[in-house]
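Structure assessment
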Amino acid sequence: MFRGDQHLTIDAKGRMAIPTKYRETLLERYDGKLVVTADPESCLLLFTLQDWEEFERNLLKAQKEKQLPRLKKLKRFYIGQATELEMDGNGRILLPSTLRKFAGLDKKIVMCGQGDRFEIWNEQDWNEQLNDDMDEHYKEMVGHLYTYAWMGSWIDVKGKFQRHGGDRVFAL
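Rules used in this analysis
- Residues numbered from 1 in each chain as written.
- Predicted model: local features only at pLDDT ≥ 70, side-chain atom pairs only at ≥ 80, totals over all residues.
- Heavy atoms only, no water.
- Phe/Tyr/Trp six-rings, centres within 6.5 Å; stacked < 30°, edge-to-face > 60°.
- Helix = DSSP H or I, 4+ residues; strand = E, 2+ residues; numbered from the N terminus.
- Buried < 20%, exposed > 50% of the residue type's maximum accessible area, 1.4 Å probe, protein only.
- Contact = heavy atoms within 4.5 Å.
- Pairing = 2+ DSSP bridges.
- Axes fitted to C-alpha atoms, helices over the stretch in contact; angles between N-to-C directions.

Moving on, we come to the packing of aromatic side chains. Each aromatic ring pair is specified by the distance between its two centres and by the angle formed by the two planes. One pass over the full model with this rule turns up 10 aromatic pairs. Between Tyr-22 and Phe-118 the ring centres are 4.9 Å apart and the planes differ by 70°, which places this aromatic pair in the edge-to-face class. Here Tyr-22 is found in helix H1 (residues 20–30), whereas its partner Phe-118 is found in strand S8 (residues 117–122), with 96 residues between them in sequence. Comparing Tyr-22 with Phe-118 shows no difference in burial state: the two are buried. With a centroid separation of 5.0 Å and 40° between ring planes, the pair formed by Phe-47 and Phe-55 is classed as tilted. Across the pair, Phe-55 and Phe-47 agree in class, each one buried. Members of the aromatic cluster, connected to one another through ring pairs, are Phe-47, Trp-52, Phe-55, Phe-77, Tyr-78 and Phe-102.

Below you can see the structure in the form of structure tokens.
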């Protein structure tokens, strides 16, 4: 699982160093094989090749089953922009110039863990995104997620959160 954010830099050749805390895992478990693609939120997504293949499979399956035009566009966007990468001996990856330009990446960037992937943001855009995310609606949603994560199996039943414990239901 990839968690937390790291403030990094891109060198003049467009390379970024994978943070040390992830480097060993990425090399040992995944042979340093990664995939980067564009995200509609104007950042990049960085997957292990294994996680990318699952993401790609799910996207293809959903588009085939649903036949929705927006899924076709998402498939074109994610898969069409995807590039396989491999970490070099110094734990760096070369981000394609087209993707760097798309995400507005310059020298200062932020790499944010999202569980099965990383987001890579221009540092200024990342800071603005954090500020925008903290509106009142978002704070309320985070509060519900926090309750769920820390208090066990809470579920939303008709707008009220309830916890199921054995055969008893506790209202929040």
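Moving on: the environment of Leu-105. Looking at where Leu-105 falls in the secondary structure, it is placed in the loop between helix H4 (97–103) and strand S7 (108–113). In this structure, the C-alpha to C-alpha distance between Leu-105 and Gln-124, residues 19 residues apart in sequence, is 9.6 Å. In this view, Leu-105 contacts Ile-10, Leu-44, Leu-95, Arg-100, Ile-120, Trp-121 and Asn-122; residues no more than four positions away in its chain are not counted.

With that settled, the discussion passes to the sheet that holds strand S4 (residues 43–48). The sheet built from six strands is open, its strands ordered S1-S7-S8-S4-S3-S5 with antiparallel pairing. Edge positions in the sheet fall to strand S1 (5–9) and strand S5 (83–86), since each has one partner strand and no second. Neighbour-to-neighbour, the strand axes of this sheet turn through a mean angle of 30°, independent of strand direction. Strand direction decides the pairing type here: strand S3 (residues 33–39) and S5, joined by four bridges, are antiparallel. Note that in S5 the partner of Leu-34 across the bridge is Leu-85.

Glancing now at unusual backbone geometry. Positive phi, close to 55°, is recorded for Asp-31, a residue that is not glycine. Relative to the helices and strands, Asp-31 is located in the loop between H1 and S3. With a relative accessible area of 52%, Asp-31 lands in the exposed category. In this structure, Ser-42 is a non-glycine residue whose phi angle is positive, near 70°. Mapped onto the elements, Ser-42 comes out in the loop between S3 and S4. On the accessibility criterion, Ser-42 (34% relative accessible area) is partly exposed.

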